[in-house]
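Geometric and topological summary
Now for the letters of each chain:
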Amino acid sequence: MPSRKFAEGEVVRGRWPGSSLYYEVEILSHDNKSQLYTVKYKDGTELELKENDIKPLKSFKQRKSGSISSSPSRRRSRSRSRSRSPGRAPKGSRRSASASHQADPKEKEKEKEMRREILQVKLTPLVLKPFENSVSVYNGEPEHTEKNATPYKNKQERVILSTEDSYIATQYSLRPRREEVKAKEIESEEQNRVTKGPAPLGSFQVTTPQRKDLEFGGVPGALLLMLGLPACVVLLLLQCGRDDPGLLQLPPPLPALHELWETRVCGLYLLWFFLQALFYLLPVGKVVEGTPLVDGRRLKYRLNGLYAFILTSAAVGAAAFWGAELCYLHTHFLQFALAATGFSVVLSVYLCVRSLKAPRHELSPASSGNAVYDFFIGRELNPRLGAFDLKFFCELRPGLIGWVVINLVMLLAEMKIQERSAPSLAMILVNSFQLFYVVDALWNEEALLTTMDITHDGFGFMLAFGDLVWVPFTYSLQAFYLVSHPHDLSWPLASVIIALKLCGYVIFRCANSQKNAFRKNPTDPKLAHLKTIHTSTGKSLLVSGWWGFVRHPNYLGDLIMALAWSLPCGFNHLLPYFYVIYFTALLIHREARDEHQCRRKYGLAWEKYCQRVPYRIFPYVY
Ligand SMILES: NC(=O)c1ccc[n+]([C@@H]2O[C@H](COP(=O)([O-])OP(=O)(O)OC[C@H]3O[C@@H](n4cnc5c(N)ncnc54)[C@H](OP(=O)(O)O)[C@@H]3O)[C@@H](O)[C@H]2O)c1
Ligand SMILES: CC(C)CCC[C@@H](C)[C@H]1CC[C@H]2C3=C(CC[C@]12C)[C@@]1(C)CC[C@H](O)C(C)(C)[C@@H]1CC3
């Protein structure tokens, strides 16, 4: 096994590509194959460096930066040109293209000198004390836990290894700090300029690095999930439809193939999907921008989920009024689930094929280069047909709204099958709780834009199947169960369940809203009472309020609500509790994924947060 000199989390000096200057960096990871280290500069820039370009901290003499910007020539060069460096601010004066066309050797020498100065002056402002976000220097106590205020600037430090003018032509993969990347235009302008200078910065690429440490158990895990999840849906639905859905009962035999396929069901499913697509295209609702992409662009999204919901309600109401047999959905539930599964597979294949043509910077940071894994996690981050965003659309519309329609149909089916004049209290609770959840999601549609599904995961089988099949057909299991397994719920018990649901909702909504408001405007006066920890990325972390209670208070609230959805079904069987069990596993896994990403992003600041707020989801338990 190849040896490596530096450990993950270690703070060292990394050579800034194309220069002889070294800056403090944190080692994020090491790739045995390419022998490259992924390092993070103080401003969040991540680069891959060779071992030769990394030196231990102790091999440097440090000097303060008090004088670095004092020379007039430096001031001049700073105002005249820009260098792609860890410290470069994205905004600033533009340099005319002609300025870099210097054929004269004297001029060339001058430019060389100027570049050296630029690199010395313009590189990342570093802190005098060790890297703030480094795990290795963590002293256990937050250094800057302050009341919510605007982030401060770090002091400057400069470390120069030697004055030799050695420029190394190396191919580096550059991922600039998202918030700071202005636009492609600036990037290409800079490339045009710097390729003429001595440092080969023009060889940088704005790309999305592909993951090596795969999630979900890597390729075998992805394969297992792709085969296991559809099988699980079929099993759950078959089991739920029988009189005694006990765990010890063997699953019923699979119906004959010709019974599973119904052309009418497929037609209705397609009608549903394209009706939702039509609603999504309606030019109503505000248009907002998503989080910045790796190349600095922000995609635009139209928020009209609530309108789509209202129009769908009107369409379903009209269909019922004109005599459509809504209970057909109940009697052909498995067939609908299979039609949706087939559709999600076709969609995943389409997404996979079109992703082959996608430029590298449009790929998801979760993708790996492995065909099977990428088919599962999705290669392209934001596949779009014009302005139609396929992932954003699927995440909230056909599945989530479909879930409400399925629940309503189950309510009607319960009345029909059990010959009731009104739905049971249990069914009313399940329907209203879940309706409330979906309306809340559509009301807060914009919040979806900052979730890891939109910003990190690609659009592949996992989300296509998850959104179109898993959500509508397994999240509605309680209502489906109640159709053939009546449960008489007393009012006192119902009141306790309602109180539990409200308690869960308050935690869920307040936690999500507090974080969203803080991320939108960290200086919001309404949040001024909250304590924060600053991070070197410029963003801060909340350490009091909901986010000081546990590290994922929103998950806690969501899980409490999930329990409240199952309790109305009683305790005769485990099946109605499937959602709580699956959801606990999903959120524990999701929390671990998020922690991993936050630790990468925020380093020591995240460690400080974990120390201040030791529990992840369940206070005093986990
Ligand atoms: N029903 C379902 O099936 C289902 C499934 C999944 C999720 N959900 C729900 O969806 C909602 C969103 O969940 P999510 O998984 O996308 O993640 P989330 O918890 O909303 O967001 C995590 C992100 O919040 C930021 N953050 C973490 N700690 C912070 C702190 N102390 N201060 C400020 N920012 C902090 C970090 O991002 P930045 O620092 O980069 O901003 C982190 O990556 C949750 O309520 C969850 O329960 C529901
Ligand atoms: C391995 C598979 C079982 C994984 C399948 C995952 C998906 C079912 C979920 C991943 C992200 C989830 C999500 C919601 C629903 C379920 C997922 C698509 C969500 C739309 C539910 C309503 C919430 O209010 C929400 C909008 C925050 C949420 C976003 C994430």
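Report on the accompanying structure.

Calculation rules
Residues numbered from 1 in each chain as written. Chains lettered and ligands numbered in written order. Predicted model: local features only at pLDDT ≥ 70, side-chain atom pairs only at ≥ 80, totals over all residues. Heavy atoms only, no water. Buried < 20%, exposed > 50% of the residue type's maximum accessible area, 1.4 Å probe, protein only. Helix = DSSP H or I, 4+ residues; strand = E, 2+ residues; numbered from the N terminus. Pairing = 2+ DSSP bridges. Near = heavy atom within 4 Å. Areas by Shrake-Rupley, 256 points an atom, 1.4 Å probe, with all protein chains shown as cover. Nonpolar A, V, L, I, M, F, W, Y, C, P; charged D, E, K, R; others polar. Expected span 1.5 Å × (residues − 1). Arc of directions from axis to C-beta. Axes fitted to C-alpha atoms, helices over the stretch in contact; angles between N-to-C directions. Parallel < 35°, antiparallel > 145°, perpendicular 65-115°, else oblique. Contact = heavy atoms within 4.5 Å.

What follows is about the pairing of strand 1 (residues 11-15). The buried fraction of strand 1 amounts to five of the five residues, a majority that puts the element mostly inside the structure. Side chains of strand 1 alternate between two faces, with V11, R13 and R15 and V12 and G14 buried alike. Pairing of strand 1 with strand 2 (residues 22-31) involves five bridges; the strand directions are antiparallel. Note on strand 2: the bridge partner recorded for G14 is Y23.

Glancing now at the site of ligand 2. As a structural note, the neighbourhood of ligand 2 is formed by 14 residues, with A441, D453, D467, Y475 and R590 the closest of them. Here ligand 2, which alone exposes 640 Å², has 86% of that area covered by the protein. Elements supplying a minimum of two residues to the shell around ligand 2: helix 11 (390-396), helix 13 (425-443), helix 15 (461-474) and helix 19 (578-602). By residue number, the principal contributor to the shell around ligand 2 is helix 15, which donates four residues. Partitioned by chemical class, the residues of the shell around ligand 2 number nine nonpolar, one polar and four charged.

Quick look at helix 6 (residues 263-281) now. Under the 1.5 Å per step criterion, the end-to-end length of helix 6 is 27 Å for 19 residues, consistent within 8% with the ideal 27 Å. Inspection of helix 6 places V265, C266, Y269, W272, F273, Q276, A277, F279 and Y280 among the buried residues, and these make up the whole buried set. Buried residues along helix 6 cover an arc of 165 degrees about the axis, so they all sit on one side. Counted as exposed and oriented over 90 degrees from the buried face of helix 6: T263, R264, L271, L278 and L281.

It is worth spelling out the packing of helix 19 against helix 20 (residues 604-612) at this point. Packed helices, taken two at a time, are described by their axes: the angle between them and the distance between them. Relative to each other, helix 19 and helix 20 sit at 125 degrees, their axes nearing to 6 Å. On the basis of their axis angle, the class for helix 19 and helix 20 is oblique. Across from E595, C598, R599 and Y602 in helix 19, the residues of helix 20 making contact are L604, A605, W606, E607 and C610. Here the residues of the contact of helix 19 with helix 20 are counted per class, giving six nonpolar, no polar and three charged.

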